[in-house]
Amino acid sequence: MSICYLDGNYLPLAEARVSPMDRSFLFGDGAYEVIPVYSRKPFRLAEHLRRLERTLAAIRLPNPHSADEWAAMVIEVIARNEPADQGVYLHVSRGVDARRNQAFPSPAVAPTVFLMSEPLVTPGEPEREAGVGAVSSADFRWLRCDLKTVSLLANCLLRQLAVDQGCTETILFRDGFLTEGAASSIFVVKEGVLCVPPNSHLMLPGVTYDVVLELAARHGLPHEVREILEAEVRSADELLMCSSPKEVLPITTLDGRPVGSGKPGPVGRQLYAWYQEFKDTVMRSG
């Protein structure tokens, strides 16, 4: 039985109830994070909470908890759920308004705070060894993709494009340049150099994105953070999708055509191995 947290109470997820007048239900007015948990220890919790704080500040929603309070709640949700590896979903909305009004409630109302846990399922060896497929699309999302808000309809539509074609991810282009995936950061490898677009308002500042760049710098892997043309993506030797649940996963087809040799490449394999070593070290020290 999954146990969640809702506005001060721990209870079975099946019993959790939120008012239909909650602004996240009516307007998608809220922020969220998904925190990976390995061996019952949250991974990069401080970085996830800093990103939450940044999103809340940008949407003018006062943070209802300190970092220490959030950490205690995350740890408690982990403890109350069974899997050793979990994904803790953390959700803050602007709260329940008395009427449907796009302007913020005045006076302000108490925010709705919700946390739940799901089993964390990372790609298995067959998926890593074969790689996965991706499709491409114009990036038609809004202009504040750097904020991790619960308004995710565009991402859902884009992700479904991939599912409809039996693929795992949709790679997004805006004005001829790579932004990211519908649910991941996208890295390009050409002639042994790892490339990724710089953080901007057009893409989410990914926690896994940061880890991959840290690992590249630590191990001396040539890498560049720069704007990447769509043509460079389509002619890449390797493409990698990176996120908390997918970790480092090779993309071996794009729009039905092979990426490079059509098989996972050496840079992706090495980054995956470094990521696992780093993750194990962090979990042991944590």
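Treat the numbers as computed from the prediction; the structure is a model and nothing was measured. (Residues numbered from 1 in each chain as written. Predicted model: local features only at pLDDT ≥ 70, side-chain atom pairs only at ≥ 80, totals over all residues. Heavy atoms only, no water.)

A. The arrangement of the side chain of Thr-179 in detail. Looking at the secondary structure, you find Thr-179 in strand E9 (residues 177-181). For Thr-179, a relative accessible area of 5% translates into the label buried. Here the side chain of Thr-179 touches Asp-139 through a polar contact of 2.8 Å, side chain to side chain. With residues up to four places along the chain from it excluded, the contact list for Thr-179 reads Asp-139, Arg-141, Leu-172, Phe-173, Arg-174, Pro-197, Leu-202 and Met-203. (Helix = DSSP H or I, 4+ residues; strand = E, 2+ residues; numbered from the N terminus. Buried < 20%, exposed > 50% of the residue type's maximum accessible area, 1.4 Å probe, protein only. Polar contact = N/O pair within 3.5 Å; in protein donor to acceptor, adjacent residues only side chain to side chain. Contact = heavy atoms within 4.5 Å.)

B. Representation of the environment of Asn-81 in the model. On the secondary structure map, Asn-81 appears in the loop between helix H3 (67-79) and strand E5 (86-93). Apart from residues no more than four positions distant in its own chain, Asn-81 is found in contact with Met-1, Ser-2, Ile-3, Arg-40, Gln-86 and Ser-117. There is a polar contact of 2.8 Å between the side chain of Asn-81 and the backbone oxygen of Val-77.

C. Examining the sheet that holds E5 more closely. Spatially, E2-E1-E6-E5-E3-E4 is the arrangement adopted by the 6 strands of the open sheet, whose pairing is antiparallel. Each of the sheet's edge strands pairs with one partner strand only, and the pair in question is strand E2 (9-12) and strand E4 (41-42). Pairing geometry for E5 and strand E6 (residues 112-119), over 8 bridges, is antiparallel. Its bridge partner lying in E6, Val-88 is registered against Ser-117. (Pairing = 2+ DSSP bridges.)

D. Molecular detail of the pattern of salt bridges. Enumeration according to the criterion identifies 20 salt bridges in this entry. In this structure, Arg-23 engages Asp-29 in a salt bridge whose closest nitrogen and oxygen atoms are separated by 2.7 Å. With a relative accessible area of 2%, Arg-23 lands in the buried category. According to the relative accessible area criterion, Asp-29 is buried, its value standing at 10%. The residue Glu-247 makes a salt bridge to Lys-279 at a minimum N-O spacing of 2.8 Å. Separated by 32 residues along the polypeptide, Glu-247 in strand E14 (residues 247-254) and Lys-279 in helix H8 (residues 266-285) bring together distant segments of the chain. (Salt bridge = Lys/Arg side-chain N within 4 Å of Asp/Glu carboxyl O.)

E. Region of the structure containing empty space enclosed by the protein. Summed over all chains, the structure comprises 1 cavity of 30 Å³ or more. Roughly 30 Å³ of volume is contained in the largest cavity. Around the largest cavity sit Asp-237, Glu-238, Leu-239, Leu-240, Pro-250, Ile-251, Val-259, Lys-263, Pro-264 and Gly-265, which together line it. Secondary-structure elements contributing two or more residues to the lining of the largest cavity are strand E13 (238-243) and E14. Examining the composition of the lining of the largest cavity, we find that 3 residues originate from one element, E13, more than from any other. Of the residues in the lining of the largest cavity, the class split is 6 nonpolar, 1 polar and 3 charged. (1 Å grid on protein atoms, 1.4 Å probe; cavity = no way out; pocket = protein on both sides within 12 Å on 5 of 7 lines; lining within 4 Å. Points joined across faces, edges and corners; volume = space filled by probe spheres on them. Nonpolar A, V, L, I, M, F, W, Y, C, P; charged D, E, K, R; others polar.)

F. Seen up close, the pairing of E6. Counted residue by residue, E6 has 6 buried out of 8 residues, so it is predominantly covered. In terms of strand pairing, strand E1 (residues 3-6) meets E6 through 2 bridges, oriented antiparallel. Bridging from a neighbouring strand, Leu-6 pairs with Phe-114 of E6.

G. The arrangement of the packing of helix H6 (residues 207-218) against H8 in detail. In the contact formed by H6 and H8, the axes pass within 10 Å of each other and the chain directions differ by 105°. Relative to H8, H6 is oriented roughly perpendicular. Where H6 approaches H8, its residues Thr-208, Val-211, Val-212, Leu-215 and Arg-218 are matched on the opposing element by Leu-271, Trp-274, Tyr-275 and Phe-278. Tallied by class, residues from the contact of H6 with H8 come to 7 nonpolar, 1 polar and 1 charged. (Axes fitted to C-alpha atoms, helices over the stretch in contact; angles between N-to-C directions. Parallel < 35°, antiparallel > 145°, perpendicular 65-115°, else oblique.)

H. Broad picture of H3. Between its first and last C-alpha, H3 extends 18 Å over 13 residues, near the 18 Å set by a 1.5 Å rise per residue. Listing the buried residues of H3 in full gives Trp-70, Ala-71, Met-73, Val-74, Val-77 and Ile-78. Looking straight down H3, one finds that the buried residues subtend no more than 165° of arc, so they occupy a single side. Opposite the packed face of H3, turned more than 90 degrees from it, sit the exposed residues Asp-68 and Ala-79. (Expected span 1.5 Å × (residues − 1). Arc of directions from axis to C-beta.)

I. Structural context of the pairing of strand E10 (residues 185-190). By the criterion of burial, E10 is predominantly enclosed, with 5 of the 6 residues buried. Sheet topology places E10 next to E13; 5 bridges connect them, and they run antiparallel. If you follow Phe-187 over to E13, its bridge partner there is Leu-240. Sheet topology places E10 next to strand E11 (residues 193-196); 3 bridges connect them, and they run antiparallel. Counted as the bridge partner of Lys-190 is Val-193 from E11. In this antiparallel pair of consecutive strands, E10 and E11, the connection spans 2 residues, and Glu-191 shows a positive phi of 50°.

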